[in-house]
Amino acid sequence: MMALLEIKNLSIDYLTRNGTVKAVDDISFSVEARDSIGLVGESGCGKSTTGTAILGLLPPNARVSGSILFKGRDLLKISNEELRKVRGKDISMIFQDPMTSLDPIMRIRDHFFELLRAHYPKMDENEMKKISSEALKSVGIEPSRLNNYPFEFSGGMRQRTMIALAIALQPSMLIADEPTTSLDVVIQEQILEVLRDLKKTKNMSMVLITHDLGVVAELVNKVVVMYAGHLAESGDVYSIYEKPLHPYTKALLESIPNVKLEDRELRYIPGSLPDLKNPPKGCRYWPRCPYVKDICKRETPPTVEVDGRKVKCWLYGGEINAGIDKTSSAVS
Amino acid sequence: MQVSTKQVLLSVENLKKYFPLKIPWTQALLKRERPTVKAIDDISFNIKKGETLGLVGESGSGKTTTGRVIIRLIEPTSGRILFDKKDISKLSKENLRRARKDFQMIFQDPMASLNPYMRIGKTVSHPLEIHKIGTPAERKEKVLSLFEKVNLIPAKEFFNRFPRQLSGGQRQRVVIARAVVTNPKFIVADEATAMLDVSVRSQILKLMIDIKEDLGLTYLFITHDLASAKYICDRIAVMYLGKIVEIAKTSDLFKEPLHPYTRILMGAVPIPDPKLKRSKIIPKGEIPSPINVPSGCRFHTRCPYATKICSEEEPELVEHQGRLVACHLFDKK
Amino acid sequence: MANTTNTNYGNQMLSSRIGRGFRQLMGDSSGVMTFIGLILLSLFVLMAIFAPYISPYSPVEPSGAPLLSPQWGHIMGTTNLGYDVFSRFIWGSRMALLIAVIATSIAAFIGIPTGLLVGYAGGVTDRIVTMIMDSVYTFPGLILAIAIAAMLGPGVLNISLSIAVVYIPTYYRVIRSQVSTIKSELYVEGARSIGAKNMTIIGKYILPNVLPSTIVVLSMNIADAVMTEAGLSFLGLGIPPPVPDWGYDLAKGQQFLLQNDWWMVVFPGIAIILLVLGFSMFAEGMDEYLNPNIGEKR
Ligand SMILES: Nc1ncnc2c1ncn2[C@@H]1O[C@H](COP(=O)(O)OP(=O)(O)OP(=O)(O)O)[C@@H](O)[C@H]1O
Ligand SMILES: Nc1ncnc2c1ncn2[C@@H]1O[C@H](COP(=O)(O)OP(=O)(O)OP(=O)(O)O)[C@@H](O)[C@H]1O
Ligand SMILES: [Mg+2]
Ligand SMILES: [Mg+2]
């Protein structure tokens with residue numbers, strides 16, 4: 001069976017005055033119908049870049065290679081006009097920045113109307129009003145606030161408006177870039193419920209981009225972990241949380257703060273993301289990796305399959321098969 | 001330090017902020033009273049010197065508005081704001097402008113709160129310029145040393161960058177640097193860490209604590225992230241629909257949340273374990289709007305413990321075991 | 001600092017903005033458009049500057065028999081008075097550019113500050129000034145200019161002034177509407193929170209953010225002004241002859257069109273069209289490129 005969305009060997013560079021930013025480097029993964037994928041990783045590792053590439057909305061200084069097959073069509077090859085028809089209706093996206101993604105001089109309702117008109121030019125005003133009210137209600141905002149301007153909304157309300165816009169047309173695929181960063185946990189839960197519901201009743205599949213591993217655990221069935229533009233590890237959510245293979249995944253899971261625990265200590269991964277204009281040779285994680293070996297500094301590890309998961313690390317595959325201490329699991 | 005911790009730095013009394021709602025004029029003619037968004041509806045609290053008070057609560061419950069009113073970026077509808085025993089809400093425009101160096105705000109969105117056409121070195125030194133502190137050379141010196149403190153290294157190179165040339169975490173640090181450059185006494189930090197991933201977030205929180213200790217600051221820390229609140233706050237106030245429903249010491253609040261909303265809030269934190277999917281109490285019922293505030297207790301429409309009195313009478317914020325909570329469950333009457 | 005691994009993009013000599021601009025010129029099609037616009041403009045500007053050196057004859061003295069068709073010696077023919085059309089074509093660019101530039105400068109000089117102040121102040125002032133500006137704006141531009149020009153009489157400054165009045169509202173509207181949205185941006189609130197004075201906020205936080213679009217309006221308006229000026233001259237309200245002016249030549253030439261002496265109309269016409277095209281293409285392209293969100297993270 002063909003996957004709904006299949007990303008193959010996707011690489012994206014940004015050309016800048018001081019050099020080329022290798023934001024995404026040779027990543028592949030696929031999304032089946034009704035799948036939800038969590039795309040996780042540190043700030044600046046190329047998550048949004050990947051998400052935006054799917055909709056063909058990268059800025060002009062980006063250079064893309066590889067392929068993005070959606071229902072068998074390569075989105076990187078089709079015309080702008082065709083791509084525009086795909087956007088919003090087949091695939092829709094919730095952008096990361098809720099403050100700047102809404103047009104400040106347009107009322108909330110005009111945002112909805114514009115979207116609806118773009119795809120259904122003949123729809124009448126009442127119908128449009130109905131759809132927008134429904135969508136807004138589903139994210140917990142009263143329809144009477146359709147007349148407000150974005151600046152009259154709180155940060156979280158803007159973010160919820162973005163979500164409402166993205167699901168108004170009931171797309172078959174949703175790319176959600178940090179959809180719940182400005183929301184309190186109760187409303188977040190409510191929105192996750194809406195998304196789960198869409199997944200179930202409308203067969204919507206989803207790519208959830210986030211750094212919140214709690215949300216990932218709640219919503220997705222497959223996880224793709226990115227590190228500095230590389231795909232570090234991918235596989236199903238249970239096994240990744242239970243037994244992370246890549247040292248980075250392990251560190252990431254361990255740094256989740258836990259409100260339930262007594263201690264007030266905050267853990268984080270020491271060091272920082274490498275400069276993507278000059279990524280380290282070999283594996284990009286080696287400067288921060290506790291299991292670093294000589295080969296890691298010399299050669300980029302191949303992507304290998306371990307227990308049905310993909311992992312890009314010298315600890316696995318080939319003759320070296322030591323593995324990291326498999327007993328320790330994620331923070332419980 | 002010991003003595004000053006007892007002193008109250010900021011005290012807010014019966015603060016209200018209503019925003020008039022825009023409606024088509026045809027409807028406006030028919031209605032006698034213009035509908036308003038009751039963003040904050042009669043709240044009172046105080047913050048002691050050197051303390052960090054957390055403000056958590058539902059999205060749209062009025063946290064940002066509280067922060068903005070307190071430092072008088074917008075005018076309160078009514079109420080008093082005493083800062084260092086002076087009523088800020090009565091200061092004249094010019095006096096207010098001068099007083100601004102003492103209280104600063106870190107805004108919810110770091111990208112949107114930086115002027116895209118101003119280099120960040122200038123952005124951070126601008127408050128000094130405005131308040132005529134130091135010579136240009138001293139200002140630059142100060143900004144550079146501040147950049148090193150917030151880990152924007154090499155400081156000289158960052159000095160000339162534009163906001164769009166920084167990553168999210170770096171922008172956040174710029175905003176923090178700008179807020180502390182005038183050595184203020186009080187800072188409102190609005191979701192200062194929301195957009196950051198756990199790793200960077202921890203670093204920024206540590207930074208904020210360091211700076212606080214260095215400069216003897218007082219924070220109002222607005223957030224929806226309970227983990228951050230737990231880490232940085234001494235006390236936490238919980239807001240719901242424009243009202244404060246509970247104020248308690250951080251440890252008390254996490255050990256035993258009293259108000260039903262607080263309990264639900266604590267319970268809804270996603271657990272990073274896929275096997276534990278969906279085992280939470282999530283309130284049923286629609287989120288009420290601050291335009292048509294429910295009668296009685298505002299939370300009764302979604303409260304699992306609601307009784308008859310809850311829909312009739314608004315509970316006051318009263319003391320219960322040394323903590324403040326506004327709920328009929330704890331009302332002695 | 002500069003990364004040397006990438007020779008294409010590293011170490012550029014030009015200033016950052018221009019460098020970035022040129023890169024975009026090479027890139028997508030809007031860049032090509034800007035580029036063509038820029039070339040057209042440069043040609044006319046050079047023509048205006050070096051008119052005395054490149055024009056073969058004096059534009060205000062007969063240089064041959066009247067109404068010669070294009071031929072060697074008079075590649076665009078001669079007028080009914082025996083003036084060389086090519087020389088007038090070249091010298092005409094001076095007048096066109098001069099008036100367009102003066103007019104737009106006056107309009108910008110009045111429109112931009114008004115827009116800034118009124119937009120920032122808001123309230124009643126805003127409503128009144130906007131109403132006045134809107135009523136001027138909705139008035140047909142050429143007719144308004146004709147009325148004012150007729151009142152003021154001919155002369156470079158008077159013509160410029162009457163054109164300027166037409167365009168003040170354009171600036172005002174663009175600036176005011178931007179200011180009123182930028183006013184509610186978080187960074188303006190940030191500026192207020194650090195205690196900046198209103199004038200500082202307008203000058204350092206708002207103006208830089210509206211300037212890019214002003215440049216676009218500026219070049220679009222110059223295009224319009226060239227046309228309006230030609231229109232005024234065409235109607236005899238412009239610069240008195242024999243000063244070389246395309247609009248006047250167009251009007252004159254039109255009288256001879258019936259007897260198939262097309263060159264008197266066609267060449268000044270082409271000049272006007274090319275110059276207007278140049279400015280508009282340039283403006284379009286600049287719009288794309290100056291928009292701070294393009295080429296950045298969205
Ligand atoms: N237009 C651009 N030009 C140059 N570099 C860019 C551009 N957009 C993004 N980058 C860089 O590409 C890298 C990946 O950015 P991206 O936005 O995909 O990160 P992300 O994983 O979404 O991070 P975050 O969690 O902070 O949103 C970053 O280093 C960023 O600085
Ligand atoms: N300028 C304004 N005009 C009208 N209504 C406003 C304005 N600013 C805020 N509001 C309303 O006031 C209420 C409280 O907003 P506020 O921004 O304080 O919420 P918040 O608690 O900060 O929420 P979040 O966590 O989502 O940022 C919201 O309903 C919001 O729409
Ligand atoms: Mg991102
Ligand atoms: Mg807020």
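Residues numbered from 1 in each chain as written. Chains lettered and ligands numbered in written order. Predicted model: local features only at pLDDT ≥ 70, side-chain atom pairs only at ≥ 80, totals over all residues. Heavy atoms only, no water.

1. Considering the sheet that holds strand β4 (residues 62–70) of chain A
Residue and element names in this part refer to chain A. Under the convention used in this document: For two strands to count as paired, DSSP must find a minimum of two bridges between them. What counts as a helix is a DSSP run of H or I of at least four residues, what counts as a strand is a run of E of at least two, and both are numbered from the N terminus. The contact criterion used is simple: two residues touch if any of their non-hydrogen atoms lie within 4.5 Å. For helices, the axis comes from a line fit to the C-alpha atoms of the stretch in contact; other axes are also lines fit to C-alpha atoms, and the angle between any two N-to-C directions lies between 0 and 180 degrees.
Strand order in this open sheet of 4 strands is β2-β1-β4-β5, and the pairing throughout is antiparallel. Each edge of the sheet is formed by a strand with only one pairing partner; in this case those strands are β2 (19–31) and β5 (73–74). With 2 bridges connecting them, β4 and β5 associate as antiparallel partners. Residue Phe70 lies in a different strand from β5, and its bridge partner there is Arg73. Together, β1 (5–16), β2 and β4 form the strand contacts of helix α1 (residues 47–54), whose direction differs from that of β1 by roughly 115 degrees.

2. Notes on helix α10 (residues 246–257) of chain C
Each α-helix turn comprises 3.6 residues. Residues three or four places apart therefore point the same way. Applicable threshold: Any helix carries an expected span of 1.5 Å times its number of residues minus one. A simple rule labels every residue: compare its accessible area, found with a 1.4 Å probe on the protein chains alone, to the largest value its type can have, and call it buried under 20%, exposed over 50%, or partly exposed in between.
Given a rise of 1.5 Å per residue, 12 residues ought to cover 16 Å, and the 16 Å separating the end C-alpha atoms of α10(C) matches this to within 8%. Of the residues making up α10(C), those classed as buried are Trp246(C), Gly247(C), Asp249(C), Leu250(C), Ala251(C), Gly253(C) and Phe256(C).

3. So, helix α2 (residues 63–70) of chain B
By the criterion of burial, α2(B) is predominantly enclosed, with 7 of the 8 residues buried. Just past α2(B), the residue Arg72(B) takes up positive phi, approximately 50 degrees.

4. Quick look at the interface of chain A and chain B
The line we're drawing: The term salt bridge refers to a side-chain nitrogen of Lys or Arg lying within 4 Å of a carboxyl oxygen of Asp or Glu. Polar contact is defined as a pair of N or O atoms within 3.5 Å, subject to the rule that within protein one atom must be able to donate a hydrogen and the other to accept it, and that residues adjacent in sequence are counted only when both atoms are side-chain atoms.
On the side of chain B, 57 residues touch chain A, which itself brings 62 residues to the contact. Between chain A and chain B we count 0 salt bridges in total. Our count for the contact surface shared by chain A and chain B stands at 4 residue pairs in polar contact (both at pLDDT 80 or more). The set of elements that each furnish at least two residues to the side of chain A that touches chain B consists of α3 (98–101), α6 (155–167), α7 (185–201), α8 (213–219) and α9 (237–242) of chain A. Ranked by the residues each element gives to the side of chain A that touches chain B, the list is headed by α7(A), at 9 residues.

5. Overview of the sheet that holds strand β4 (residues 78–83) of chain B
Residues and elements named next belong to chain B. Reading across from one edge, β2-β1-β4-β5 is the order of the 4 strands in this open sheet, with antiparallel pairing throughout. Two strands bound the open sheet, and with one partner strand each, they are β2 (36–48) and β5 (86–87). In terms of strand pairing, strand β1 (residues 8–20) meets β4 through 5 bridges, oriented antiparallel. If you follow Glu13 over to β4, its bridge partner there is Arg80. Those strands touched by α2 are β1, β2 and β4, and its axis lies near 65 degrees from that of β2.

6. Concerning the site of ligand 1
Selection rule: For this description, a residue counts as near a given molecule or strand if any of its non-hydrogen atoms is within 4 Å of it. Residue exposure ignores everything except the shown protein chains as possible cover, and the areas themselves are Shrake-Rupley values with a 1.4 Å probe.
Residues in close proximity to ligand 1 total 20 residues, the closest being Ser43(A), Gly44(A), Ser48(A), Thr49(A) and Gln96(A). Flanking ligand 1 are residues from chains A and C. Within the backbone of Gly46(A), one N or O atom sits 2.9 Å away from an oxygen atom of ligand 1. At a separation of 2.5 Å, an oxygen atom of ligand 1 approaches a polar side-chain atom of Ser48(A). Surface burial for ligand 1 is 84%, taken as the share of its 640 Å² of free accessible area covered by protein chains. Elements that contribute at least two residues to the shell around ligand 1 include exactly β1, β2 and α1 of chain A.

7. A closer look at the interface of chain C and chain B
Short version of the rule: When two parts are brought into contact, each loses some accessible area as probed by a 1.4 Å sphere; the total of that loss over both is the buried area.
Listed by partner, the interface residues are 21 residues for chain C and 27 residues for chain B. Here chain C and chain B share an interface that buries about 2,100 Å² over both sides, 57% of which is from carbon and sulfur atoms. Its largest share of buried area at the contact with chain B, chain C owes to Leu186(C), Ser193(C) and Ile194(C), together 28% of the area lost on that side. Across the contact surface, chain C and chain B share 1 salt bridge. Residue Arg68(B) is joined to Glu189(C) by a salt bridge in which the shortest nitrogen-to-oxygen separation is 2.6 Å. One can count 9 residue pairs in polar contact (both at pLDDT 80 or more) joining chain C with chain B. Broken down by secondary-structure element, the contributors of at least two residues to the side of chain C that touches chain B are α8 (186–193) and α9 (198–234) of chain C.

8. Focus on the site of ligand 2
For the record, the criterion: Polarity classes work like this: nonpolar for Ala, Val, Leu, Ile, Met, Phe, Trp, Tyr, Cys and Pro, charged for Asp, Glu, Lys and Arg, and polar for all others, with Gly in that last group.
Residues in close proximity to ligand 2 total 21 residues, the closest being Gly156(A), Gly60(B), Lys63(B), Thr64(B) and Thr65(B). Around ligand 2, the neighbouring residues derive from chains A and B rather than from a single chain. Note that an oxygen atom of ligand 2 is positioned 2.8 Å from one of the side-chain N or O atoms of Arg145(A). In this structure, Ser59(B) approaches ligand 2 through a side-chain N or O atom, which is 2.8 Å from an oxygen atom. Look at ligand 2: alone it shows 640 Å² of surface, and the protein chains cover 94% of it. Of all elements in the fold, only α6 of chain A together with β2 and α2 of chain B reach the threshold of two or more residues within the shell around ligand 2. The residue makeup of the shell around ligand 2, split by class, is 6 nonpolar, 10 polar and 5 charged.

9. Regarding the pattern of salt bridges
A side chain with one charge may pair with a side chain of the opposite charge, provided their charged atoms come close. A complete count under the given rule lists 36 salt bridges over all chains for this structure. Where Lys49(B) meets Asp84(B), a salt bridge forms, and the shortest distance between an N and an O atom there is 3.8 Å. Taken together, the residues Lys49(B) in the loop between β2 and β3 (52–57) and Asp84(B) in the loop between β4 and β5 connect sequence positions 35 residues apart. Residue Lys49(B) is classed as partly exposed on the basis of its relative accessible area, which comes to 24%. Asp84(B) sits in the partly exposed class, given a relative accessible area of 26%. Through salt bridges with shared partners, a single network forms among Glu189(A), Glu193(A), Arg196(A) and Glu218(A).

10. As for the packing of α8(C) against α9(C)
Residue and element names in this part refer to chain C. Put simply, the rule reads: We call two directions roughly parallel when the angle between them is under 35 degrees, roughly antiparallel when it is over 145, roughly perpendicular when it lies between 65 and 115, and oblique otherwise.
As a packed pair, α8 and α9 sit with axes 10 Å apart at the nearest point and diverge in direction by 170 degrees. Taken as axis vectors, α8 and α9 run roughly antiparallel relative to one another. Here Tyr187, Val188, Ala191 and Arg192 of α8 lie close against α9, whose contacting residues are Ile201, Tyr205, Ile206 and Asn209. Counted by class, the contact of α8 with α9 contains 6 nonpolar, 1 polar and 1 charged residues.

11. Quick word on the pairing of β4(B)
All names here are of chain B. Bridge analysis of β4 against β5 gives 2 bridges, and the strand direction is antiparallel. By the bridge assignment for β5, Phe83 is matched with Lys86. The loop that links β4 with its antiparallel partner β5 comprises 2 residues; one of these, Asp84, has a positive phi angle of about 55 degrees.

12. Description of a nonpolar patch on the surface
All names here are of chain C. Stated precisely, the cut-off is as follows: Patches draw on residues past 30% relative accessible area with no salt bridge. Two like charges within 9 Å are joined, as are two nonpolar side chains (Val, Leu, Ile, Met, Phe, Trp, Tyr) within 5 Å.
Where nonpolar side chains cluster on the molecular surface, the patch consists of Leu257, Trp262, Val266, Ile270, Ile273, Leu274 and Leu277 and spans about 570 Å² of accessible area. When residues of the nonpolar patch are assigned to their parent elements, the largest contribution, 5 residues, is made by helix α11 (residues 263–290). Tracing the backbone through its elements, the reader meets Ile270 in helix α11.

13. Some points on the packing of aromatic side chains
Each aromatic ring pair is characterised by the separation of its centres together with the angle its planes make. What counts, and what does not: Only rings of Phe, Tyr and Trp enter the pairing, Trp through its six-membered ring, and a pair is recorded when the two centres are within 6.5 Å. The plane angle decides the type: under 30 degrees is stacked, over 60 is edge-to-face, the rest tilted. The rule is short: NZ of Lys or CZ of Arg within 6 Å of the ring centre and within 35 degrees of the ring normal puts a charge over the ring.
Within this structure, the stated rule accounts for 12 aromatic pairs over all chains. On the basis of an interplanar angle of 70 degrees and a centroid distance of 5.2 Å, the ring pair of Phe83(B) and Phe103(B) is categorised as edge-to-face. Placement of the pair is Phe83(B) in strand β4 and Phe103(B) in strand β6 (residues 103–106), with a sequence separation of 20 residues. This pair shows no difference in class: Phe83(B) is buried, exactly as Phe103(B) is. Ring centres 5.8 Å apart and planes at 70 degrees place the aromatic pair Phe44(C) and Trp246(C) in the edge-to-face group. Taken together, the residues span a long stretch of sequence, with Phe44(C) in helix α2 (residues 29–49) and Trp246(C) in helix α10 at a distance of 202 residues. Residue class for Phe44(C) comes out buried when judged on its relative accessible area of 4%. Trp246(C) sits in the buried class, given a relative accessible area of 3%. Sitting above the plane of the Phe158(B) ring, Arg161(B) keeps its charged end 4.5 Å from the centroid.

14. Things to note about unusual backbone geometry
Even without a glycine there, the phi angle at Gln170(A) is positive, about 45 degrees. Mapped onto the elements, Gln170(A) comes out in the loop between α6 and β7 (173–177). Taking the relative accessible area as the measure of exposure, Gln170(A) reaches 43% and is therefore partly exposed. Located in the positive-phi region is Gln321(B), a residue other than glycine, with phi close to 50 degrees. Structurally, Gln321(B) is set in the loop between β11 (318–320) and β12 (323–325).

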